[in-house]
Structure formats: structure tokens, C-alpha cells
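So the chains spell out like this:
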Amino acid sequence: KRQEDELVVERHEFVMLEPQQNQMSVKRYSGKLWRCSRSLVFDADDWNIPVIKIPLRDVTNIKSHQTAFTIKEVLLIESKSHVHCKQNNRSEPYQFIKQQKDFLFEPFCNLSEFISETTRFKEFQDRFPEAQADMRAMWIVEDKLRAMQADMGVLGDGESIVLQFLVKCVEPMLESNGLLVVTNMNVFFQEFVPLCANPCPILSLSNIRRVLTRRYLLRQVGLEIYTETTSYLYAFKTLKQRDELFNTLTSLPLCKKNLEPTDMSNMTLKWQSGIASNYEYLMYLNSIADRSFNDLTQYPVFPWVLNGNVCNCHFIKHTRAHILYTHYM
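Residues numbered from 1 in each chain as written. Predicted model: local features only at pLDDT ≥ 70, side-chain atom pairs only at ≥ 80, totals over all residues. Heavy atoms only, no water.

Participant: Teacher, can you tell me more about the sheet that holds strand β11 (residues 161-171) here?
Facilitator: Strand pairing in a sheet relies on backbone hydrogen bonds. The paired strands run either parallel or antiparallel. With respect to topology, 7 strands assemble into an open sheet ordered β14-β13-β12-β11-β17-β16-β15, the strand pairing being antiparallel. This sheet does not close on itself; its edge strands, each paired only once, are β14 (202-204) and β15 (210-216). Each neighbouring strand pair of the sheet contributes to a mean axis angle of 35°, computed without reference to strand direction. Pairing of strand β12 (residues 174-183) with strand β13 (residues 186-191) involves 5 bridges; the strand directions are antiparallel. In the sheet register, Leu180 faces β13, and the bridge partner there is Phe189. (Pairing = 2+ DSSP bridges. Helix = DSSP H or I, 4+ residues; strand = E, 2+ residues; numbered from the N terminus. Axes fitted to C-alpha atoms, helices over the stretch in contact; angles between N-to-C directions.)

Quick look at the structure:
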């Protein structure tokens, strides 16, 4: 996932500790601590608590620390600034707070490993310009991705893996790296950094209605899978990988027998016969033009299609619609 053009590397469960003024008690806020390429982001489970972003460039110290509130050591982060956002789950301007503050987090992971990895990313930010630091963070992520394995626990009885590739799942304002796995019964996308602890969603081959190749960022590396209600867009590393998965998926018996015809003559005939609506036909034209609601750079477009008369406007009648041609007198 990307947070403000950052690359999210890992997510861990932490509890933020907030000592009270008397220093005799502490408030606890459970949540997730995300290690990103340029910052640490704490997202509390309680929506009343703002999301806290700590830029790594402003971190002055990160270490394990012993407190009177916990038995085991906690994570101490000393920072010259931090950012508050999404307090009470409202979209408001970010609050940039320029003051020294110590953050305490009780870990549910290997603390020494977390500190070591975070220190490594901080060194990138301290030693290199932003672009070079991001590149080095990407190298680390790609190494972790190459070592990624499919979760065999999600496979059912008699189910086996047919093909798998490292891909990017593309959604509006969101990109997720992970593993796209095709089995003899299902397709599922296993995220590299999952948003939640729930198992990865599984798409049955019998529910797939269309599988279309797509452009992504002007390269022929995209593939979109359609069901009755939604679609999923994936970007591959190469054209060869995309075509291999497309050919494999569309040839599997459970998928092949439920695919809808995608040739243009068939859809045009449905539209001319009144079986397909104007909207369905326009969506089809957008689809074959490589446009998708999942990709903001290739978002569907629609002409003005109206029924009725408007003053000072001339209409050209078509068999299925009135197309507005405005003429100002």
C-alpha cells in the first residue's frame, strides 16, 4: 500500500502507551504500527484517536526502553515532529506538530528486529536524497516479495496451485503488491502487507464472467477479472507473465464454461435489439478501449446521451438515442 506516496513495508500490532501527568498511570491504545519508506504510522483501533505519522528524518532516537507500566521492554521513539490526521475518522487538514515528543509502544513482535529494520530505513533518509532513499527501500521490499510464498492454508480439498505471479493490485488511489494465485478451483490475491488479519479473499472460477487484457501506465501488462458485481485489476511485471496467466486462466474448465462472449458484433447486436441498454453498451465500448473504474489514468468516459428536447439545441436522431449537438444562436 502507499501512504502519501510512500511505500508500506510492514505492519505490526502495537499498543501505544500514553503516561498521564502524574506519571503513575498510563492510557493504552491498541492499533497497528506501519513501517513505511519515510515514516512510521500508528493507526489506533479507536477512531477517536488520530492517526499519528512520525517522519523518520525527524526521529532523533529509537531504542528499547524499560518502563514501570510494563513487564517487558517497550519501543521508545524520540522525534522532533509528528503529524495528526483523521481524528474522529474525519477528513480534515493535517496537523503538523513541531515539538519534541517521546512515543512509547508496547510490541507484539520481535522488538530488536523491528528496531534494527527501522534504523536501517532511517539511515536511508538521513544519508540520501528522498528519491535515492525510496529506491533503496524498494530494493528491500522486492527482496521480501521474491521470498513470498502462497498461503497453503486457504486451499480446499482437492485444490492445487496451477500458476502464481507477483503482481500489483490496482484500485482507485491504492496499489497493493502481492501474489496472484490461480488454482484449479479459485483465484486469490495474497497481499504482501495485509490491511487486516482476515484471510485473503477467494474468487471462485465459476463466478468469473470475463477476463480482459489491459494497459497499465501505457504498458500492456494489465489483466482485469470481472464477476457479476465487481472487477479486479492486476498489473504484472512483464507482458509474457500477463499473457501466460491469461491463457492459463481462460483455459481452465471451471472458468471457461462460464465466460461471456466478448466479441463486438455480439454486443452490438444486443444493443440494436434492445437487450443491452445504452449504459451497458457504452461500458462495453470503454472496456474494449482498455478503460476501467479501477485505474484513474484510464477511467471510463461517456458522451452526452439524452432523451427529450432542450431549447436552442438541435438533435440528430439515432436508432437508440438522441445525441446532443449544441448550437448557440
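Back to the write-up after that little detour.
Participant: Can you help me understand the pattern of salt bridges in this one?
Facilitator: For side chains of opposite charge, pairing can occur when their charged atoms come near one another. Per the stated rule, a full pass over the model turns up 14 salt bridges. Between Arg120 and Glu117 there is a salt bridge, and its shortest N-O distance comes to 3.8 Å. Taken together, the residues Arg120 and Glu117, both in helix α1 (residues 111-127) and 3 residues apart, mark about one turn of the helix. Given the relative accessible area of 38%, Arg120 is considered partly exposed. Arg214 is the salt-bridge partner of Asp290, the closest N and O atoms lying 3.6 Å from each other. With Asp290 in the loop between α6 (278-288) and β18 (305-306) and Arg214 in strand β15, this residue pair connects regions lying 76 residues apart in the sequence. A relative accessible area of 1% places Arg214 in the buried class. (Salt bridge = Lys/Arg side-chain N within 4 Å of Asp/Glu carboxyl O. Buried < 20%, exposed > 50% of the residue type's maximum accessible area, 1.4 Å probe, protein only.)

Participant: Mind showing me how you'd approach unusual backbone geometry here?
Facilitator: Where the residue is not glycine, phi is negative for most of them; where a peptide bond is considered, it is trans in most cases. Positive phi outside glycine occurs at Leu218, with the angle close to 70°. On the secondary structure map, Leu218 appears in the loop between β15 and β16 (219-226). Unusually for a residue other than glycine, Asp290 sits at a positive phi of about 70°.

Participant: Before we go on, may I ask you to explain the side chain of Ser81 in this structure?
Facilitator: Along the chain, Ser81 turns up in the loop between β7 (74-79) and β8 (82-85). By relative accessible area, Ser81 is classed as buried at 5%. A polar contact is formed between the side chain of Ser81 and the side chain of Asp58, at a distance of 2.4 Å. Discounting residues that sit within four places of it in the chain, Ser81 has contacts with Ile54, Pro55, Asp58, Ile97, Lys98 and Gln99. (Polar contact = N/O pair within 3.5 Å; in protein donor to acceptor, adjacent residues only side chain to side chain. Contact = heavy atoms within 4.5 Å.)

Participant: Sorry if this is basic, but what is going on with the packing of helix α5 (residues 264-272) against α6 here?
Facilitator: Relative orientation and spacing of two packed helices are given, respectively, by the angle between their axes and the distance between those axes. With their axes 10 Å apart at the nearest point, α5 and α6 run at an angle of 165° to one another. Overall, the two elements α5 and α6 adopt an arrangement that is roughly antiparallel. Once α5 is placed against α6, the crossing between them reads as left-handed. Seen from α5, the contacting residues are Met264, Met267, Thr268 and Trp271; seen from α6, they are Asn278, Glu280, Tyr281, Tyr284, Leu285 and Ile288. Class assignment of the residues belonging to the contact of α5 with α6 gives a composition of 7 nonpolar, 2 polar and 1 charged. (Parallel < 35°, antiparallel > 145°, perpendicular 65-115°, else oblique. Left-handed = near helix turned anticlockwise from the far one by under 90°. Nonpolar A, V, L, I, M, F, W, Y, C, P; charged D, E, K, R; others polar.)

Participant: Please clarify how the nonpolar core should be interpreted in this entry.
Facilitator: If you look at soluble globular proteins, the nonpolar side chains tend to sit buried side by side. Counting 45 residues, the largest nonpolar core has Phe14, Leu33, Phe42, Leu75, Ile77, Phe105 and Phe121 as the members making the most contacts within it. If near-sequence neighbours (up to four positions away) are discounted, Ile77 is found in contact with Leu40, Ile54, Val59, Asn61, Ile62, Lys101, Asp102, Phe103 and Phe105. Judged by nonpolar contacts, the second largest core, of 20 residues, contains Leu163, Cys169, Phe189 and Leu252. (Core = buried A, V, L, I, M, F, W, Y, C linked by side-chain atoms within 4.5 Å.)

Participant: What is the right way to read the environment of Lys270 from this model?
Facilitator: Structurally, the position occupied by Lys270 is in helix α5. Accessibility expressed as a relative area gives 33% for Lys270, which makes it partly exposed. Separated by 10 residues in the primary sequence, Lys270 and Glu280 place their C-alpha atoms 10.0 Å from one another. Residues within four places of Lys270 in sequence aside, it is in contact with Ile275 and Ala276.

Participant: Any chance you could explain α6 here in plain terms?
Facilitator: In an α-helix there are 3.6 residues to a turn, and that puts residues three or four apart on one side. Considered for burial, the residues of α6 that qualify are Tyr281, Leu282, Tyr284, Asn286 and Ser287. Of the residues flanking the end of α6, it is Asp290, one or two places downstream, whose phi is positive at about 70°.

Participant: Hey, could you run me through helix α3 (residues 239-251) in this one?
Facilitator: End to end, α3 covers 18 Å across 13 residues, agreeing with the expected 18 Å (1.5 Å per residue, within 8%). Those residues of α3 that sit buried are Arg242, Leu245, Thr248, Leu249 and Thr250. Turning to α3, the residues buried within the fold contact β11, β12, β13, β15, β16 and α4 (253-256). (Expected span 1.5 Å × (residues − 1).)

Participant: Got a minute to help me understand the packing of aromatic side chains in this structure?
Facilitator: One pair of aromatic rings is described through two measures. These are the centre distance and the angle between the planes. Scanning all chains against the criterion turns up 11 aromatic pairs. Between Phe14 and Phe105, the aromatic rings sit 6.2 Å apart at their centres with planes inclined by 85°, giving edge-to-face as the arrangement. On the criterion of sequence distance, the pair formed by Phe14 in strand β2 (residues 6-19) and Phe105 in strand β10 (residues 101-107) is long-range, its members being 91 residues apart. Here the two residues Phe14 and Phe105 agree in accessibility, since each one is buried. Aromatic pair Phe42 and Phe105: ring centres 5.3 Å apart, planes at 50°, arrangement tilted. (Phe/Tyr/Trp six-rings, centres within 6.5 Å; stacked < 30°, edge-to-face > 60°.)

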